[in-house]
Every structure is written in C-alpha cells, then in structure tokens.
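Geometric and topological summary
Residues per chain are reported as follows:
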Amino acid sequence: MNANDLLARIGAEPGKMNGKPVIRGRRITPAMVLNMLANGASREEILEAYPVLEPADIDACLLYAARLSDSVAGVAAE
C-alpha cells in the first residue's frame, strides 16, 4: 500500500471525536494507537484492543505521525 492510500485512511469528521482525525471513520484516533505503541503495546495487542482496525491502519498512524512531525518541526524551525 502506498503512502497516499495509507493517509487516506485517516481523516477528520465534524461531530466525531471533537473533529480530531479518526481512522476510517471509526471513533479511534491515531493518537490512541500511537500512545499504545509508545507504551510498549505490540501490533497484535492493538488489533485485539480494537478489532475493527486492520494492520494497515497502524501503518497509517505511523506515517501520519511522521508527516505531522515533519510539518511541526518545519514550523518550529522558522
């Protein structure tokens, strides 16, 4: 799956999770997945905790965070 396909899995919807980005329209945010990873959860544990997620959703969250950190770092450096 290419980067555009992965990033298409994440989007914000007004009225859902206070407009925060969510994964494939679910009430699961990239931050929820990333926090689990940061706290040592395996991919398998994340998929068990959120059975509606697919492995590609975790990849999408990681790519989303990488892109977001690049954009934030660029702003902070100015």
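1. Looking at the overall build of the protein chain
A count of helices and strands for the protein chain gives four helices and two strands. Secondary structure elements of the protein chain, listed N to C terminal, follow the sequence α-β-β-α-α-α. The C-alpha radius of gyration of the protein chain comes to 13 Å, within 12% of the 12 Å expected for a compact globule of 78 residues. A principal-axis box enclosing the C-alpha atoms of the protein chain has dimensions of 40 × 30 × 25 Å.

2. As for the pattern of salt bridges
Counted by the stated rule, this structure contains six salt bridges. Linking Glu 13 and Lys 16 is a salt bridge whose minimum nitrogen-to-oxygen distance equals 3.3 Å. For Glu 13, a relative accessible area of 30% gives the class partly exposed. Taking relative accessible area as the criterion, Lys 16 reaches 17% and is therefore assigned buried. Each of Arg 9, Arg 24, Glu 54 and Asp 57 takes part in one network of salt bridges that share partners.

3. Remarks on unusual backbone geometry
Although it is not a glycine, Met 17 adopts a positive phi angle of roughly 55 degrees. Along the chain, Met 17 falls in the loop between strand 1 (10–12) and strand 2 (21–23). Met 17 sits in the partly exposed class, given a relative accessible area of 27%. Phi is positive for Arg 24, which is not a glycine, with a value near 45 degrees. Within the element layout of this structure, Arg 24 appears in the loop between strand 2 and helix 2 (30–38).

4. Remarks on the side chain of Thr 29
As for its position among the elements, Thr 29 is in the loop between strand 2 and helix 2. Using a relative accessible area of 6% as the deciding quantity, one classes Thr 29 as buried. Leaving out residues up to four positions away in the same chain, Thr 29 has contacts with Met 17, Lys 20, Pro 21, Val 22 and Ile 23.

5. Side note on the side chain of Asp 57
Note that Asp 57 resides in helix 4 (residues 55–77). At 2.9 Å, the side chain of Asp 57 forms a polar contact with the side chain of Arg 24. Once residues within four sequence positions are removed from consideration, Asp 57 is found in contact with Arg 9, Ile 23, Arg 24 and Val 52.

Scoring rules and cut-offs
- Residues numbered from 1 in each chain as written.
- Predicted model: local features only at pLDDT ≥ 70, side-chain atom pairs only at ≥ 80, totals over all residues.
- Heavy atoms only, no water.
- Helix = DSSP H or I, 4+ residues; strand = E, 2+ residues; numbered from the N terminus.
- Rg over C-alpha atoms; globule rule 2.2 N^0.38 Å.
- Salt bridge = Lys/Arg side-chain N within 4 Å of Asp/Glu carboxyl O.
- Buried < 20%, exposed > 50% of the residue type's maximum accessible area, 1.4 Å probe, protein only.
- Contact = heavy atoms within 4.5 Å.
- Polar contact = N/O pair within 3.5 Å; in protein donor to acceptor, adjacent residues only side chain to side chain.

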